[in-house]
Amino acid sequence: MLISTNWLRDYVDSGLSAEELGDLLTMAGLELEGIERVGSDLRGVVVGQVLEASLHPNADRLTVCKVDLASGEPVQIVCGAPNVGVGQKVAVATVGTTLMLPSREDPAELIAVEIKNSTLRGVVSVGMICAEDELGLGDDHDGIVVLDDSATIGQPFSAYLANRGQLMSDAVLDLAITPNRPDATSHIGVARDVAALTNLPLRIPEIPSIEAGGEAAELIAVEIEDPDGCPRYVAMVVRGLKVGPSPEWLRARLKAIGVRPISNVVDATNFVLHEFGQPLHAFDYDLIAGQKVIVRRSTKGEAITTLDDEKRELPEGTLLICDAEKPIAVAGVMGGANSQVSATTTNILLESACFEPVSIRKASKALGMQTDASYRFERGVDPTGQVRAAIRVAELIASMAGGEIVSGIVDANPRPHVPQTVTLRPNRVSRILGAHVPMDDITRLLNAIGFEVCADEASALDAFAESAMREEGAVAAAKEASEAGSCVTIPPFRPDIEREIDVIEEVARLWGFDRIPSPTTTPVPLIPAGDTPEAKLLDNVRHRLQGLGFSEVYTNSLVPKETAERFAAASWTGSETQTVETLNPISQEMSAMRPCLLPGLLGVVAYNQARGSESLRMMEFGHVYARSASSFELVPGYREHTSLVLGMTGVAEKKGWNVASRATDFFDLKGVVEHVLGALGVLEINQTPSTEPDALTAYRLELHVGKKRIGVIARVSDELAASHDLRTPLFVAELNADLLAEVAHRDGPSRYQPISRFPAVDRDLAVVVPDSQPVGPMLATIRQTAGALLQSVRVFDVFRGESIEGERKSVAFALRFLADRTLRDEDVDGRIRKVVSALEREFGAELRA
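Parameters and conventions
- Residues numbered from 1 in each chain as written.
- Predicted model: local features only at pLDDT ≥ 70, side-chain atom pairs only at ≥ 80, totals over all residues.
- Heavy atoms only, no water.
- Helix = DSSP H or I, 4+ residues; strand = E, 2+ residues; numbered from the N terminus.
- Buried < 20%, exposed > 50% of the residue type's maximum accessible area, 1.4 Å probe, protein only.
- Contact = heavy atoms within 4.5 Å.
- Areas by Shrake-Rupley, 256 points an atom, 1.4 Å probe, with all protein chains shown as cover.
- Lys, Arg positive; Asp, Glu negative; His and termini not counted.
- Charge placed at Lys NZ, Arg CZ, Asp CG, Glu CD.
- 1 Å grid on protein atoms, 1.4 Å probe; cavity = no way out; pocket = protein on both sides within 12 Å on 5 of 7 lines; lining within 4 Å.
- Points joined across faces, edges and corners; volume = space filled by probe spheres on them.
- Nonpolar A, V, L, I, M, F, W, Y, C, P; charged D, E, K, R; others polar.
- Pairing = 2+ DSSP bridges.
- Axes fitted to C-alpha atoms, helices over the stretch in contact; angles between N-to-C directions.
- Salt bridge = Lys/Arg side-chain N within 4 Å of Asp/Glu carboxyl O.
- Core = buried A, V, L, I, M, F, W, Y, C linked by side-chain atoms within 4.5 Å.
- Polar contact = N/O pair within 3.5 Å; in protein donor to acceptor, adjacent residues only side chain to side chain.
- Parallel < 35°, antiparallel > 145°, perpendicular 65-115°, else oblique.

Scanning the chain from N- to C-terminus turns up 24 helices and 44 strands. Summarising its shape, the C-alpha atoms of the chain cover approximately 110 × 95 × 65 Å along the three principal directions. The buried share of the chain, reckoned over its 849 residues, is 47%. If you take every contact in the chain between residues at least 6 apart in sequence, the share linking residues at least 24 apart comes to 70%. Put simply, the chain shows about 42,300 Å² of open surface, and 50% of that area lies on carbon and sulfur atoms. Across the chain, the centroid of the 82 positively charged side chains sits 8 Å from that of the 119 negatively charged ones.

Here is the structure:
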């Protein structure tokens, strides 16, 4: 939620800086996410008057001007604008002024340019006479800005604008509004909190009273077929207006908070939306068939073309605004193109309604349309604020567009708001907060944010609460239970307040959490919490990886649906499955649960590489999600597990005086994975390589323990790397951490094992196999065939050359045998013969002499 500090001052002038306001609001529950500086203070730009203007001697399109700045002798400025003339009052950027000007390479990009003395075609120019776009006032660059007679020569240009109600610089607060605070989705809503926190008066625009009925009721009829979906609908008519641009003050207000000005009518509705938090809509009155508005649910197959020129099929039951013939708006979301205000519109119908939040939320999500209106209706608007907002916007439009407000108002109100009250016990406030808050303070703070507090017994209750703070145990509790309290009426714009504890929370945040004392003692549970064995194992893995130089990252478990579908490939996740979509996504970028951790890792690597970090080692532990046919899951139909992803890229070893630089390769990561598995006691691993590329990987190695697939190691495909702008090959591995914990050996702490007193027997074995034959399966066969005496086996040489005919290679293995006795040659020879036979049988290997 963007809040302009300039705009906020219209309702409460706190005198605080943007940073101070942000801190104040954050402590009161409206968290500041950032501050954006908008516009320029135009320091160095002054009002000048053109005394002389003559053609440049060496350029047909330039004019040499003498300009009076009321600071001594007139200055000479060369100007290229065609409309410059003698006697004009103009805005002059003096030498040393910094302006934000369009870049020559990209006009849409603004760059800081300092104005200096210059020579243009042999004529000295001291300063610059400015056009509209050069001052940040608009996009016009066809000529210089010519000021009116109210401008004073030598006056700062910012002062001239301020006198006209134009403030060029602004600080915009980006506030994180929680769903329970719909009142804070407007400038007046935020100003209400500021006024309460600073003990200053709140200035709300005065709205005249207009009686229901009148001529407006003769011009438009309102029929609500679904009062549950629309408990109130207010309509007004403004006729004889002229649609055109809004005045500059209004355009500046909207642009500061990121709203694009459109026309005086539309801008007025947007202004009041951000002022009061009440969405409004303007229809072209002459396009409404039968001069009738009907609020109803859509039927099967209905469609509407909305203001964004998209034809949308409407889910059955969508709340609609219709005329006598057709739908003209999706209620609370967006208007229809068939009734929109255009340049030819002269009469408008203003809508100010209250819609049930769930209906609007369902329609917005189903149609994929998030608008400023739906954002507020989904959270709940003030059910009593429709008339006030309608009159406010009608007056603004009439003042800007020259129209006439038709007398009277149509107010269809089938579900009138009933004020809600709760009982607030001062003693309860004190016991919950652990501090005595005077009743006067409670009343003042609650009144400041729109609550009404009965004050007839306030002093007696206050004295009772103060004494109760000194009571102990059951006595105080008994007194609290029997205590009478003050009646508090909840304002209609606070639908989140339902119980006494909600009111106490309001008192706490406004009185100040920092004023609540810390307890002198804190109860400690008798049984300390402990980690599960699985958690301890994974923590051990985390520490080992950190020791190997891996940095732990955390990424979002919500991803776009397209990303989830792309990364749910069976080659990576181990099984073909449907992705898990969220029913009520925050945005399209967060509409599905991640099926694996790879997309998050890719984003982190790309982010770091773009900022100059080339050699990266990343890891992440996190939950991944998939659809499941099993009914034995924690949530039937879905499964989730903890996954571990690793990524390595860049330089593995930097160049040194005795070593050459080496890039990270697949085997670096494979070694890390084997180290992790070895630390968990998982030694019998079946490795299945695949050199067939797919959408995610260039090649990969699948890892199994028995029949359980525990993960995959791979190099990211060139296509996937290019889509993330990766600069170096990325090697990744993803392991099922839950399965790792399940198959890990848990023999307790490590035990000392003495070195064998008997000598080992080493044998080298070289075989010739097809060049495409992976070595992993051969190693597994050797381990299975050689038996229990085999202590280790490793590859120590791979050879291709003229002595090896055809597309074949020689692979040499080093085998070590060991026992609790002295081995003889015949103990080992028989096992070697079995290994050779198995390699010949399974892989077509030939023993190399």
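There is more to say after this.
Applying the stated criterion across every chain yields a total of two cavities of 30 Å³ or more. A volume near 50 Å³ is recorded for the largest cavity. For the largest cavity, the full set of lining residues is Thr 5, Leu 8, Arg 9, Val 12, Asp 13, Ser 14, Gly 15, Leu 16 and Leu 21. The residue inventory of the lining of the largest cavity, partitioned by class, reads four nonpolar, three polar and two charged. The calculated volume of the second largest cavity comes to roughly 40 Å³. Lys 670, Val 673, Glu 674, Leu 677, Ile 685, Gln 687, Leu 701, Leu 703 and Ile 713 together form the lining of the second largest cavity. Elements supplying a minimum of two residues to the lining of the second largest cavity: α20 (666-679) and β38 (697-705). Classifying every residue of the lining of the second largest cavity gives six nonpolar, one polar and two charged.

Turning our eyes to something else, we now look at helix α23 (residues 776-786). Looking at α23, one finds that the buried residues are Gly 776, Met 778, Leu 779, Ala 780, Thr 781, Ile 782 and Ala 786. On its buried face, α23 sits against β37 (686-690), β41 (761-770), β42 (790-799), β43 (808-817) and α24 (825-843). Two residues or fewer past α23, Gly 787 is found with a positive phi of approximately 85°.

Spatially, β42-β43-β41-β44 is the arrangement adopted by the four strands of the open sheet, whose pairing is antiparallel. Each edge of the open sheet carries a strand with a single partner, namely β42 and β44 (846-847). Note: β42 against β43, eight bridges, orientation antiparallel. From the neighbouring strand, Phe 799 faces β43, where its bridge partner is Ser 810. Relative to β42, α23 is tilted by about 145°, and along the sheet it contacts β41, β42 and β43. Where α24 meets the sheet, its contacts fall on β41, β43 and β44, and the angle it forms with β41 comes to roughly 15°.

This next bit is on the pattern of salt bridges. What the rule picks out here adds up to 43 salt bridges. Close ionic contact of Arg 499 with Asp 502 constitutes a salt bridge, the shortest N to O distance being 3.9 Å. The class for Asp 502 is buried, based on a relative accessible area of 12%. Note that Lys 708 and Glu 742 form a salt bridge whose closest N and O atoms lie 2.3 Å from each other. A residue pair is termed long-range when its members are at least 10 positions apart, and Lys 708 in strand β39 (residues 708-716) and Glu 742 in helix α22 (residues 737-743) qualify at 34 residues.

Unfilled space is identified by rolling a water-sized probe across the atoms. The space that makes up the largest pocket amounts to roughly 1,200 Å³. Lys 670, Glu 674, Gln 687, Gly 776 and Leu 779 are the residues nearest the centre of the largest pocket, which is lined by 36 residues in total. With seven residues, α20 is the single largest residue contributor to the lining of the largest pocket. When its residues are assigned to classes, the lining of the largest pocket shows 16 nonpolar, 13 polar and seven charged.

Moving on: the nonpolar core. If you look at the biggest cluster of nonpolar residues, it comprises 51 residues, and the most contacted ones within it are Val 190, Leu 241, Val 265, Val 272, Ile 348, Leu 350 and Ile 397. Broken down by element, this core gets its largest block of residues, 10 residues, from helix α10 (residues 386-401). Among residues more than four places away in sequence, those in contact with Val 272 are Gly 277, Gln 278, Leu 280, Ala 389, Arg 392, Val 393 and Leu 396. Listed in part, the 40 residues of the second largest apolar core include Ile 304, Val 333, Phe 377 and Val 381.

Further remarks concern the environment of Leu 173. Summarising the element assignment, Leu 173 is placed in strand β13 (residues 170-176). Judged by relative accessible area, Leu 173 falls into the buried class, the value being 0%. Residues Leu 173 and Ser 14 lie 159 residues apart in sequence; the distance between their C-alpha atoms is 15 Å. The contacts of Leu 173, once residues within four sequence positions are left out, are Met 1, Leu 2, Ile 3, Thr 5, Ala 18, Leu 21, Leu 25, Leu 32, Gly 34 and Ile 35.

What follows covers the side chain of Glu 351. You can see Glu 351 is positioned in strand β23 (residues 348-354). No salt bridge forms around the buried Glu 351; measuring N to O, its nearest opposite-charge neighbour Arg 296 is 13 Å away. A polar side-chain atom of Glu 351 sits 2.7 Å from a polar atom in the side chain of Tyr 233. With residues up to four places along the chain from it excluded, the contact list for Glu 351 reads Tyr 233, Val 234, Pro 279, Leu 280, His 281, Phe 283 and Ile 321.

Within the secondary structure layout, Asp 496 lies in the loop between β28 (486-490) and α15 (500-511). Taking relative accessible area as the criterion, Asp 496 reaches 19% and is therefore assigned buried. In this structure the side chain of Asp 496 is engaged in a polar contact, spanning 2.8 Å, whose partner is the side chain of Arg 494. Residue contacts for Asp 496: discarding those within four places in its chain leaves Asn 180, Arg 181 and Asp 502.

Orientation of helix α12 (residues 439-448) relative to α15, taken along the N-to-C sense of each, is 95°, at an axis distance of 10 Å. Relative to α15, α12 is oriented roughly perpendicular. Contacts between α12 and α15 pair Asp 441, Ile 442, Leu 445 and Leu 446 from the former with Val 503, Glu 506, Val 507, Leu 510 and Trp 511 from the latter.

With respect to the helices, strands and loops of the structure, His 675 is situated in helix α20. In this structure His 675 comes out as partly exposed when scored by relative accessible area, which is 34%. With 530 residues separating them along the chain, His 675 and Val 145 place their C-alpha atoms 71 Å apart. Apart from residues lying up to four places away in sequence, His 675 is in contact with Arg 544 and Leu 548.

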